[in-house]
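Per-entry structural report
For reference, the chains in residue letters:
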Amino acid sequence: MKKFLTLTLAAGLMSTAAWAETVKIGFVTTLTTGAAVIGKDMQNSVNLAVEHLGGKAGDLDLEVIFADDGFAPETGKQATDKLVKQDDVDFVAGYIWSHVLLASRKSVLDAGKFLISANAGPSQIAGKLCDQDFFSTSWQNDQTPMAMGEVLNRQGVKSLYVMAPNYAAGKDMVAGVERTFKGEIVGKDLTKWGADAQLDFSAELAKAKASGADGIFVFYPGAAGGAFIKQYDQAGLKDTLPLYSVFTVDALSLPKLQAANLTGVMGSRTTQEWDPSLDNAANKKFVTDYKAKYGAYPSYYGAQSYDAIMLIASAVAKVGNTTDKDALRAALKEADFESVRGKFKFGSNNFPIENFYLREVVTDADGTWTTKVVETVFEDHIDSYAAECKM
Amino acid sequence: MDLSLLIIQALNGVQLGLLLFLVASGLTLVFGILDFVNLAHGSLYMLGAFLCASLTFVFGNFVLAVLVALPLTGVIGFLVERFVARPLYARDHLDHVLGTFGLILVLDTLAHLIWGPAGIAVPLPEWLQGQVALSETLVIPSFRLVIIGAGLSAAAGLFWLVNYTRLGMLIRAGASNRTMVSALGIDIQTLFALVFALGAMLAGLAGMLIAPITEASIGMGNNIIITAFVVIIVGGIGSMKGAFIGALLIGLIDTLGRSFLDDLFKVFMSSDAAETSAPAVSAMLIYIIMALVLSLRPQGLFPPRTR
């Protein structure tokens, strides 16, 4: 279930012996079930970040302990408890799923540890449940679909059919697109989610088609995304019901779709805060080295995880120990590190204030399917729940 | 709600029902004849999907891949019977459950090691990619029709096998009284192994048919096995007819529930309440049906005549 990975070099360990202080990071992600494909990408990126840091945060050795949430809140909470109590980590990072993060949040914060979300951004934690020891290197769930809603307005889409999984983030995504989209939402389906998620969307696609909407907005992360795209393609909806998605078409689903030659996805558009084509030094290094090491494009899950480790390392390097919580908190808030999305700044609720881009699926120079930035939809966007956060 | 949408959703329901039947028929055969609870039946469904996916890339042809993967899944079923199920026959059901649950973990991890965590999308040949227009508004993906066709032919083949062949006669006899069958000089061990392999092939076929729609992924069998158990409990454990009617019933109820429940709820509650409660209730619907059947007819709708 859990994988221990001591990233300290054996030689380094022996020479500095047990005297060198270590910073322990617990990283919770999904390493089993079909969603393990996301967890793997995050794990790869974390390992790459540690490698780029030379296994060090300032003078301290970096140790990352990975734990599996099994795609279920109860398992995720158990894994978190173990990291906090048994392994006594200094930081707990990771979390793909909003419901897992919500279930695990208290275990970390009550123990006085820092919690860094590398993906999940539930509205509750951005608003009423915000905490000075919680930081996000991703986004608040609503922001990406809000950017998509804005894109839909610009493209003159008047009516929309909405589909998302029935869990915390799915509801946030729907709320997000509803907040900015000015047209009419003619139908909505929330489908079963979790380890036994619904992956056959025949009934929903038939309804969507019958609704006569101008377009369909979906949020299907991980394996469900590939399944949705295929069925959308098979149902021949490309011309009658254009697809607008968030977190569905990504570096994880594209290689599979390319292997199966589902060309229907080419040119499809999605919004995101990061893209492999973003032009900055940190991103170029990350994408090039990731491709060289793992033979594929990293996804935004990976980029956010890479940033999470870089953020932690920057704070620890600045403070020089892991015991001065106040100094660490201040150093984390400063976010003084080279982010793969360029500049990086935290808002009042410790969620990033960042740009959102419209991305399009294209073929790169090597013939691999990937995405590139078409335009910037939002600049320095602040999430809608920040005002509710009283810190 | 218009008529063509209702027809499409009914076809979708039948398609889901037939897939369920392919899994449930093997489960009910093994349970009814071998008196063996095989939780790992879903893993055979998963292995079928993965084998077919890999072979599709080897041959570049989905249909050929299915034809080769089918006997392979049968062989895996045969081996599972020989090395896992057979030593457990004499034990009670709890041991079956423990043993086969362990097998699920082993097979899931094995699939993880061989194929990786990502899952495989299975490409369809050009002629199966499109849609069939039954009328102006009645358009259905052609592969869904293929699944309906394949499911119906498998059901017909199974019906013929069980009712009109010598093997079928032995299977029925074994289901009624296996001590008597072996006393009459029939090699009951081989018969059991064949039944198990047949069940594995049916589950594998279901996996191969669903793989191009969703994908071959780890743990995919664990999702369908629960529904398959619901089907055989509703239909009557050990009954082929029960599995068939139960599967269609569950498939239709699940699909139609997902399609029309929110509209139905909107008649007597606010639109917001309907939107949140309908998905929850439609996910529970098949279990509600199972509970109803269990309370009114605990032996299932079509229990086998004798044991």
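Residues numbered from 1 in each chain as written. Chains lettered and ligands numbered in written order. Predicted model: local features only at pLDDT ≥ 70, side-chain atom pairs only at ≥ 80, totals over all residues.

Naming follows an unreviewed UniProt entry, where chain B appears as Branched-chain amino acid ABC transporter permease of Antarcticimicrobium luteum. Looking at chain B in UniProt, the text filed under Sequence similarities (unreviewed entry) is "Belongs to the binding-protein-dependent transport system permease family. LivHM subfamily." (UniProt positions renumbered as here; feature names shortened; annotations may be inferred.)

Going by the annotation in an unreviewed UniProt entry, the name recorded for chain A is ABC transporter substrate-binding protein, with Antarcticimicrobium luteum given as the source organism. For the record of chain A, the UniProt heading Sequence similarities (unreviewed entry) holds the text "Belongs to the leucine-binding protein family."

To continue, consider the overall build of chain A. Along its length, chain A carries 13 helices and 14 strands. Taking 21 Å as the expected radius of gyration for a compact globule of 391 residues, we find that chain A reaches 20 Å, a close match to that expectation. Dimensions along the principal axes, computed over C-alpha positions, put chain A at roughly 70 × 45 × 35 Å. Looking at the 391 residues of chain A, the share that counts as buried comes to 59%. Counting only contacts in chain A whose residues sit at least 6 apart along the sequence, the fraction spanning at least 24 positions is 74%. (Helix = DSSP H or I, 4+ residues; strand = E, 2+ residues; numbered from the N terminus. Rg over C-alpha atoms; globule rule 2.2 N^0.38 Å. Buried ≥ 20, exposed ≤ 12 C-beta atoms within 10 Å, placed from the backbone. Contact = placed C-beta atoms within 7 Å.)

Further remarks concern the overall build of chain B. In terms of helices and strands, chain B carries 12 helices and 2 strands. Secondary structure elements of chain B, listed N to C terminal, follow the sequence α-α-α-α-α-β-β-α-α-α-α-α-α-α. Here the C-alpha radius of gyration of chain B, 20 Å, is about what a compact globule of 307 residues would show, namely 19 Å. Taken along its principal axes, the extent of the C-alpha atoms in chain B is 65 × 50 × 35 Å. A burial count over chain B gives 50% of its 307 residues as buried. Relative to all contacts within chain B whose residues are 6 or more apart in sequence, the contacts with residues 24 or more apart total 78%.

On the side of chain A, 33 residues touch chain B, which itself brings 32 residues to the contact. Broken down by element, the side of chain B that touches chain A gets its largest block of residues, 5 residues, from helix 1 (residues 3-34) of chain B. In terms of residue class, the side of chain B that touches chain A is built from 15 nonpolar, 13 polar and 4 charged. (Nonpolar A, V, L, I, M, F, W, Y, C, P; charged D, E, K, R; others polar.)

This part is about the environment of B:A200. Residues and elements named next belong to chain B. By the secondary structure assignment, A200 is in helix 9 (residues 188-210). Sequence separation between A200 and S43 is 157 residues; the distance between their C-alpha atoms is 9.3 Å. Not counting chain neighbours up to four residues away, the residues in contact with A200 comprise G26, L44, T73, G74, I76 and G77.

UniProt records the feature "domain: Leucine-binding protein" (unreviewed entry) for residues 22-364 of chain A in the present numbering. Span residues 22-364 of chain A is 42% helix and 20% strand, its end C-alpha atoms 41 Å apart.

Residue and element names in this part refer to chain A. Domain assignment breaks chain A into domain 1 (3-139 + 278-352) and domain 2 (143-272 + 355-388). For domain 1 versus domain 2, the distance between C-alpha centres works out to 27 Å. With 28 residues of domain 1 at the contact, the number on the domain 2 side is 22 residues. At the level of secondary structure, the elements contributing two or more residues to the side of domain 1 that touches domain 2 comprise helix 2 (36-52), helix 4 (98-110) and helix 5 (123-126). A breakdown of the residues in the side of domain 1 that touches domain 2 according to their chemical character gives 16 nonpolar, 10 polar and 2 charged. (Domains from an automatic or database assignment.)

Next up on the list: the sheet that holds strand 11 (residues 243-246) of chain A. Within a beta sheet, neighbouring strands are joined by backbone hydrogen bonds and run either parallel or antiparallel to one another. All names here are of chain A. With respect to topology, 7 strands assemble into an open sheet ordered 9-8-10-11-12-13-14, the strand pairing being mixed. The strands lining the two open edges of the sheet, one partner per strand, are strand 9 (184-191) and strand 14 (369-381). Between one strand axis and the next, the sheet turns by 20° as a mean value, whatever way the strands run. In the sheet, strand 13 (residues 354-363) pairs with strand 14 via 9 bridges, with the strands oriented antiparallel. Note that in strand 14 the partner of E354 across the bridge is H381. (Pairing = 2+ DSSP bridges. Axes fitted to C-alpha atoms, helices over the stretch in contact; angles between N-to-C directions.)

Residues and elements named next belong to chain A. Of all 7 residues in strand 8 (residues 159-165), 6 are buried, a share of seventy percent or more. For the segment spanning strand 8, helix 7 (residues 168-180) and strand 9, crossover handedness is right-handed. Here strand 8 runs beside strand 10 (residues 215-219); their pairing, made up of 4 bridges, is parallel. By the bridge assignment for strand 10, Y161 is matched with I216. (Right-handed = clockwise from strand over helix to strand, strands pointing away.)

Looking at chain A as a whole, its pLDDT mean stands at 91, while 95% of the residues score no less than 70. Low confidence marks residues 1-18 of chain A, where pLDDT is under 50. Its contacts with residues over four positions away, or in another chain, come to 20 contacts. (pLDDT = per-residue confidence, 0-100.)

We now examine the nonpolar core. The biggest cluster of nonpolar side chains holds 229 residues, and the ones touching the most others in it are A:I312, B:A49 and B:C52. A domain split of this core shows at least three residues from each of domain 1 (3-139 + 278-352) and domain 2 (143-272 + 355-388) of chain A. Excluding residues within four positions of it along the chain, A:I312 makes contact with A:I25, A:F91, A:A93 and A:I116. (Core = buried A, V, L, I, M, F, W, Y, C linked by C-beta atoms within 7 Å.)

Here helix 7 of chain A spans 19 Å end to end across 13 residues, near enough to the 18 Å set by a 1.5 Å rise per residue. All of the buried residues along helix 7 of chain A are A:A168, A:A169, A:G170, A:D172, A:M173, A:V174, A:G176 and A:V177. (Expected span 1.5 Å × (residues − 1).)

Before going further, it helps to examine the packing of helix 6 (residues 143-154) of chain A against helix 7 of chain A. All names here are of chain A. Running from N to C, helix 6 and helix 7 cross one another at 35°; their axes reach a closest spacing of 7 Å. Seen from above, helix 6 lies across helix 7 with right-handed handedness. In this structure, helix 6 contributes Q143, T144, P145, M146, M148, G149 and E150 to the contact, and helix 7 contributes M173, G176, V177, R179 and T180. (Left-handed = near helix turned anticlockwise from the far one by under 90°.)

Another aspect to go through is the environment of B:L205. All names here are of chain B. Mapped onto the elements, L205 comes out in helix 9. Given 25 C-beta atoms within a 10 Å radius, L205 is considered buried. Sequence separation between L205 and M46 is 159 residues; the distance between their C-alpha atoms is 9.9 Å. Those residues in contact with L205 that sit more than four places away from it in its chain are L22, G48, L70 and A154.

All names here are of chain B. Relative to the 22 Å expected for 16 residues at 1.5 Å per residue, helix 10 (residues 220-235) spans 23 Å between its end C-alpha atoms, a close match to the ideal helical length. In terms of burial, helix 10 is a largely internal element, 14 of the 16 residues being buried. In the stretch just after helix 10, G236 is the one whose phi turns positive, near 105°.

Here we take up unusual backbone geometry. Here the phi dihedral of A:Y95 falls at roughly 75°; this positive angle occurs in a residue that is not glycine. Classification of A:Y95 by C-beta neighbours within 10 Å gives buried; the count is 33.

This part covers the pairing of strand 11 of chain A. All names here are of chain A. Where burial is concerned, the two faces of strand 11 agree: the one with L243 and S245 and the one with Y244 and V246 are both buried. Two strands pair when backbone bridges link them, and strand 10 and strand 11 are joined in this way by 4 bridges, in the parallel orientation. By the bridge assignment, V218 is partnered in strand 11 with S245. Regarding topology, helix 9 (residues 223-234) serves as the crossover connection from strand 10 to the parallel strand 11, and that connection is right-handed. Both strand 11 and strand 12 (residues 269-272) contribute to a ladder of 2 bridges, which runs parallel. Bridge pairing links Y244 to R269 in strand 12.

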